[in-house]
Amino acid sequence: MTPGWITTTLLDNDAPGGWAVARSREGFLHDTNGPLFPREWLKRQDLAVFAEHGIGHLDGEPVYLLELNAPAQVPGCSWQGLRGFMLQGDHTLYKVLGYAAQIGTWAREHRFCGSCGQAMVQVPRERAMYCQACDLRSYPRISPSMIVLVTRGDDILLARSPRFVTGVYSTLAGFAEPGESAEDCLIREVREEVQVEVKNIQYMGSQCWPFPHSMMLGFHAEYASGDIVPQADEIEDAQWFNIHELPPLPASRSIARYLIDLYLARRLGHAEPVLPG
Ligand SMILES: NC(=O)C1=CN([C@@H]2O[C@H](COP(=O)(O)OP(=O)(O)OC[C@H]3O[C@@H](n4cnc5c(N)ncnc54)[C@H](O)[C@@H]3O)[C@@H](O)[C@H]2O)C=CC1
Ligand SMILES: [Mg+2]
Ligand SMILES: [Zn+2]
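Residues numbered from 1 in each chain as written. Chains lettered and ligands numbered in written order. Predicted model: local features only at pLDDT ≥ 70, side-chain atom pairs only at ≥ 80, totals over all residues. Heavy atoms only, no water.

Asker: It is not clear to me how the coordination of the magnesium ion (ligand 2) should be interpreted in this structure. Could you clarify?
Answerer: Ideal donor angles around a metal are set by the shape: a four-donor tetrahedron calls for 109.5 degrees, a six-donor octahedron for 90 or 180 degrees. Donor atoms from the polypeptide that coordinate the magnesium ion (ligand 2) comprise Ala173 (O) and Glu193 (OE), at 2.2 Å from the metal. Of this pair, Ala173 sits in strand S13 (residues 172–175) while Glu193 sits in helix H4 (residues 182–194), placing them 20 residues apart in sequence. (Donors = N, O, S within 2.8 Å, 3.2 Å for Na, K, Ca; no water. Helix = DSSP H or I, 4+ residues; strand = E, 2+ residues; numbered from the N terminus.)

This is how it looks when you write it as structure tokens:
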């Protein structure tokens, strides 16, 4: 048995047993034991199953996703969004659900060929949808996004999007565009969002962000020039904050928080945080 969570395998839907998670537009089904249910039990419930996907192994046991058309009422159970599982509870289980959500969304959105419109089929032994007419394969979608902590000595540049929880400020982020390197994207996004120029760009680490399919590439950069001018609509407010007077910050498992905590730790000589994968 290999401990932990391994996502690589496709599983045989006809084989009995294993664990299952159920997902609807309301999130994942869970009870007091969490979101993993014995698969045979879950399949006996009155669920509008749209698709079933083998998604991996947890501590050697196969795990399946039941993708539902609508959230069902199951006695003793309720529904919770992926974000709730990210904010609290077991990190490995959150990884299982994050992967399940990405596979479920991708398979649902690739039922038909984007080129000819014909129905696509799941490729055996590969995580891909296939159109026979076009010989076209579609793989799970991942969107590279850059995220950066810009610093100027004891001051760090944080901003608020109108979508954030009230009061919370975070690092700048944005999706990479075709033709860009991560560093090009960083320079463009910082310019667009606050009209600041940066230098000494350093890659710090990456994190899967399954909301819905980002791959966050985390950087540190030093301030070079410019006064903050927040981008209309996208950025509600942006400021330099002294590291001793910080506003409410993003969730502790986010790479945004890691970039901030790592800078503080290095600046203040504290133990360095670990980036949750
Ligand atoms: N893990 C973390 O700590 C953090 C993660 N993020 C994530 O980073 C990602 C990018 O951040 P934003 O500031 O929202 O991006 P952004 O600055 O590029 O602006 C968002 C806009 O980009 C466009 N867009 C949406 N999806 C896209 C895609 N797949 N490719 C290209 N453009 C797209 C839309 O017009 C959207 O309004 C988001 O998924 C966000 O949730 C953001 C902050 C912290
Ligand atoms: Mg942004
Ligand atoms: Zn096609």
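Asker: Is there a simple way to think about the environment of Gln207 in this case?
Answerer: Looking at the element boundaries, Gln207 is found in strand S14 (residues 197–209). In the structure, Gln207 is positioned 184 residues away from Arg23 in sequence and 23 Å away in space, judged by C-alpha atoms. For Gln207, the residues in contact, after removing those within four places along its chain, are Ser214, Met215, Met216, Arg253, Ser254, Ile255, Leu275, Pro276 and Gly277. From its side chain, Gln207 meets the backbone oxygen of Arg253 in a polar contact 2.7 Å long. In this structure the side chain of Gln207 is engaged in a polar contact, spanning 2.9 Å, whose partner is the backbone nitrogen of Ile255. (Contact = heavy atoms within 4.5 Å. Polar contact = N/O pair within 3.5 Å; in protein donor to acceptor, adjacent residues only side chain to side chain.)

Asker: Would you mind showing me how to read the UniProt feature "binding site: Zn(2+)" (unreviewed entry) in the protein chain here?
Answerer: As annotated by UniProt and renumbered to match this structure, "binding site: Zn(2+)" (unreviewed entry) occupies Cys113, Cys116, Cys131 and Cys134. Maximum C-alpha separation among the annotated residues is 8.6 Å over a sequence range of 22 residues, consistent with a single clustered spot. Inspection of the secondary structure puts Cys131 in strand S9 (residues 129–131). Each residue touching Cys131, except ones within four places of it in the same chain, is listed here: Cys113, Cys116, Gln118, Met120 and Leu136. (UniProt positions renumbered as here; feature names shortened; annotations may be inferred.)

Asker: Hey, could you run me through the site of ligand 1 in this one?
Answerer: As a matter of local geometry, ligand 1 sits amid 17 residues, with Phe175, Glu193, Trp209, Ser214 and Ala256 nearest to it. In this structure, Phe175 approaches ligand 1 through a main-chain N or O atom, which is 3.1 Å from an oxygen atom. Within the side chain of Glu193, a nitrogen or oxygen atom sits 2.9 Å from an oxygen atom of ligand 1. The fraction of the free accessible surface of ligand 1 (850 Å²) that becomes covered by protein chains is 64%. Counting residues per element, the ones that place at least two in the shell around ligand 1 are strand S11 (143–152), S13, H4, S14, strand S15 (214–225) and helix H5 (255–268). (Near = heavy atom within 4 Å. Areas by Shrake-Rupley, 256 points an atom, 1.4 Å probe, with all protein chains shown as cover.)

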